[in-house]
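Spelled out from the first residue to the last, the chains are:
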Amino acid sequence: MSVLELRGAVARLDGRVVLDRVDLGVNPGEIVALVGPNGAGKSSVIRALLGLIPLQCGQALLGGQTVVSLSSRARSERAAYLPQERRIAWNMAAVEIAALGAPFLPGALAISRAQEALAAVGAGALADRGVAEMSGGERARVLLARALVCKAPALLADEPIAGLDPDAQLLVLDLLRERARSGQAVLVSLHDLTLAARHADRVIVIDRGRIVADAAPATALSVERLAETFAINGRWIESPSGPLLDLCRRQG
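Note that the structure is a prediction, hence the values are computed from the model and not measured. (Residues numbered from 1 in each chain as written. Predicted model: local features only at pLDDT ≥ 70, side-chain atom pairs only at ≥ 80, totals over all residues. Heavy atoms only, no water.)

Student: What exactly am I supposed to notice about the nonpolar core here?
Tutor: With 60 residues, the main nonpolar core has Val-35, Leu-118 and Leu-221 as its most contacted residues. Top element by residues in this core is helix α5 (residues 136–149). It accounts for 8 residues. In contact with Leu-118, not counting residues within four places along its chain, are Ala-94, Val-95, Ala-98, Ala-123, Gly-124, Ala-127, Val-142 and Ala-145. (Core = buried A, V, L, I, M, F, W, Y, C linked by side-chain atoms within 4.5 Å. Buried < 20%, exposed > 50% of the residue type's maximum accessible area, 1.4 Å probe, protein only. Helix = DSSP H or I, 4+ residues; strand = E, 2+ residues; numbered from the N terminus. Contact = heavy atoms within 4.5 Å.)

Structure (structure tokens):
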């Protein structure tokens, strides 16, 4: 059974349709990349699954139950969320920010998990530093640690690698892969199609609020789909590490 599921989801924001009869599911143990042009609806899919935007039609389900029927606590126990927004209002220590990912745990256990998560994202040395004193990339690692602290069945990450250097991008995606291997259902929105193709079990392409492809990377990101949805040329090439996606701009 899918841990994350949308059934016929329709949503509007400011009078504009952002989800148009969307059906999708993410199963335990898989990492699914959600890709699409700017404004296609990637963030809306994630927010709808968490009950953060209302649906005019259809259903959003967490662990087989409609999200609207769940309390805030039940939602947080079923899904960890890493939002695109990285602003943090208070200059709290990194370990305290990370511990917020497990608000219902005893304080000492939450701090212990936070320290482990910070170490996992390469930010262990930042544990006692205020987040206002950090670079954007360092704050991104702290917020990822906050999402990793939660042991929920699902993890939703909205553009978690934006603005990070290449090494940090690969670290984040490797950590998400580890979470999928441990049994979590992982849904991550990405702009980088080559990284999506390399790291995801499945790629979902959304365009103007509609799912236009949902398949293994090589199928979802076909030459035809790349041209139609992203207006770019692409090809799959074989490499020692497996198939890789080669992209270039269309001319004219």
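Student: What is the right way to look at the sheet that holds strand β3 (residues 31–35) in this model?
Tutor: Backbone hydrogen bonds are what pair the strands of a sheet, in a parallel or an antiparallel way. With respect to topology, 6 strands assemble into an open sheet ordered β6-β7-β8-β3-β9-β10, the strand pairing being mixed. The open sheet has two free edges, formed respectively by β6 (79–82) and β10 (210–215), since each of these has just one partner strand. Across this sheet, the average inter-strand angle for adjacent strands is 15 degrees, counted without regard to direction. Note that β6 and strand β7 (residues 154–158) share 4 bridges and pair parallel. In the strand pairing of β7, Ala-79 is matched with Ala-154. (Pairing = 2+ DSSP bridges. Axes fitted to C-alpha atoms, helices over the stretch in contact; angles between N-to-C directions.)

Student: What should I look at first to understand the pattern of salt bridges in this one?
Tutor: Proximity of charged atoms lets side chains of opposite charge pair with each other. One pass over the full model with this rule turns up 11 salt bridges. Where Arg-73 meets Glu-77, a salt bridge forms, and the shortest distance between an N and an O atom there is 3.0 Å. Of this pair, Arg-73 and Glu-77 both sit in helix α2 (residues 72–78), 4 residues apart, which is roughly one turn of the helix. Assessed through its relative accessible area of 44%, Arg-73 is described here as partly exposed. Judged by its relative accessible area of 42%, Glu-77 is partly exposed. Here the salt bridges do not stand alone but share partners, grouping Asp-20, Arg-21 and Arg-210 into one network. (Salt bridge = Lys/Arg side-chain N within 4 Å of Asp/Glu carboxyl O.)

Student: Help me understand the packing of helix α4 (residues 107–120) against α5, please; the structure alone is not making it clear to me.
Tutor: When two helices pack together, their arrangement is given by the angle between their axes and by how far apart the axes lie. Between α4 and α5, the shortest axis-to-axis distance is 8 Å and the interhelical angle comes to 130 degrees. Between α4 and α5, the interaxial angle falls into the category oblique. In terms of crossing hand, the pair formed by α4 and α5 is right-handed. Listed contacts from α5 to Arg-113, Ala-114, Ala-117 and Leu-118 of α4 are Val-142, Ala-145, Leu-148 and Val-149. For the contact of α4 with α5, the residue count by class is 7 nonpolar, no polar and 1 charged. (Parallel < 35°, antiparallel > 145°, perpendicular 65-115°, else oblique. Left-handed = near helix turned anticlockwise from the far one by under 90°. Nonpolar A, V, L, I, M, F, W, Y, C, P; charged D, E, K, R; others polar.)

Student: How should unusual backbone geometry be read in this particular structure?
Tutor: Residues apart from glycine generally show negative phi values, whereas peptide bonds are mostly found in trans. In the Ramachandran plot, Arg-21 falls in the positive-phi region, its phi being about 55 degrees despite a non-glycine side chain. Take Arg-21: its relative accessible area is 52%, and that puts it in the exposed class. Its identity is not glycine, yet Glu-159 carries a phi of approximately 50 degrees, on the positive side. With relative accessibility at 7%, the residue Glu-159 sits in the buried group.

Student: Honestly, α5 in this entry has me stumped. Any pointers?
Tutor: Structural remark: α-helix, 3.6 residues per turn; residues separated by three or four positions point the same way. Over its 14 residues, α5 runs 20 Å from end to end, which matches the ideal 20 Å to within 8%, given 1.5 Å per residue. Of all the positions in α5, only Ala-140, Arg-141, Val-142, Leu-143, Leu-144, Ala-145, Ala-147, Leu-148 and Val-149 are classed as buried. Tucked inside the fold, the buried residues of α5 contact β6, α3 (94–99), α4, β7 and α6 (166–181). (Expected span 1.5 Å × (residues − 1).)

Student: Please clarify how α6 should be interpreted in this entry.
Tutor: Over its 16 residues, α6 runs 23 Å from end to end, which matches the ideal 22 Å to within 8%, given 1.5 Å per residue. Taken together, the buried positions of α6 are occupied by Ala-168, Gln-169, Val-172, Leu-173, Leu-175, Leu-176, Arg-177, Arg-179 and Ala-180. Residues of α6 that are buried sit in contact with β3, α4, α5, β7, β8 (185–189) and α7 (193–199).

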